[in-house]
Amino acid sequence: MSGGTGTNAGPHLTEAQRQILRDINATRPVSDEAANWAVKAGYAAQAEDGDIDLTQAGRQRVDSSTL
């Protein structure tokens, strides 16, 4: 009676936040504010040269919202 396993996708994301993650995943440019939100939320990592990529958590959020 411990509940489901592995189905907790984390906090609810707005459509705008989901779009930010999709844009990062597709390597489309995002604003500094959007990139900072994704990094602070743990969904993306930003390199010193400014490149940004999704973390595993971010990839899971994109996968769960687009399927």
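Structural data are supplied above this passage.
Note that this is a predicted model, so its numbers are computed, not measured.

Novice: How would you summarise the side chain of Arg22 if you had to cite specific residues and measurements?
Specialist: Here Arg22 shows up in helix H1 (residues 15-25). Of the polar contacts made by the side chain of Arg22, one reaches the side chain of Glu15; its length is 2.5 Å. A distance of 2.9 Å separates a polar atom in the side chain of Arg22 from a polar atom in the side chain of Gln19.

Novice: Account for the pattern of salt bridges, with residues named and values stated.
Specialist: Counted by the stated rule, this structure contains four salt bridges. One salt bridge connects Asp53 with Arg59, and the closest N-O pair in it is separated by 3.0 Å. What makes Arg59 partly exposed here is its relative accessible area of 35%. Salt bridges sharing common partners tie together Glu15, Arg18 and Arg22.

Novice: Residues and numbers for the packing of aromatic side chains, please.
Specialist: Evaluated as defined, the whole model comprises one aromatic pair. Ring geometry for Trp37 and Tyr43: centres 5.8 Å apart, planes at 50°, overall tilted.

Novice: Lay out the environment of Arg28 in plain terms, naming residues and giving numbers.
Specialist: By secondary structure assignment, the location of Arg28 is in the loop between H1 and helix H2 (32-40). With near-sequence residues (within four places) excluded, Arg28 lies in contact with Gln19, Arg22 and Asp23.

Novice: Give me unusual backbone geometry: which residues, what numbers.
Specialist: Of note in the backbone geometry, Thr27 takes a positive phi value of approximately 60° without being a glycine. Looking at the element boundaries, Thr27 is found in the loop between H1 and H2.

Conventions used here
In this numbering scheme, every chain counts its residues from 1 along its sequence in written order. With the structure being a predicted model, the display of local features is reserved for residues of pLDDT at least 70 and the display and counting of side-chain atom pairs for 80 or more, all residues being used for whole-chain, interface and lining totals. As a convention, hydrogens and water are excluded, and side-chain values are obtained from all of the structure's heavy atoms. The numbering of helices and of strands both runs from the N terminus, where a helix is a DSSP run of H or I of at least 4 residues and a strand a run of E of at least 2. Identification of polar contacts relies on pairs of N or O atoms within 3.5 Å, with a donor-acceptor requirement for protein atoms, meaning one able to donate a hydrogen and the other able to accept it, and with residues adjacent in sequence counted only if both atoms are side-chain atoms. By salt bridge we mean one thing: a side-chain nitrogen of Lys or Arg within 4 Å of a carboxyl oxygen of Asp or Glu. Three exposure classes are used, based on accessible area relative to the maximum for each residue type with a 1.4 Å probe and protein chains only: buried under 20%, partly exposed in between, and exposed over 50%. Centres within 6.5 Å are what make two rings of Phe, Tyr or Trp a pair, Trp counting through its six-membered ring; a difference in plane orientation under 30 degrees is then read as stacked, over 60 as edge-to-face, and the rest as tilted. Note on contacts: a residue pair qualifies if any of its non-hydrogen atoms lie within 4.5 Å across the two residues.

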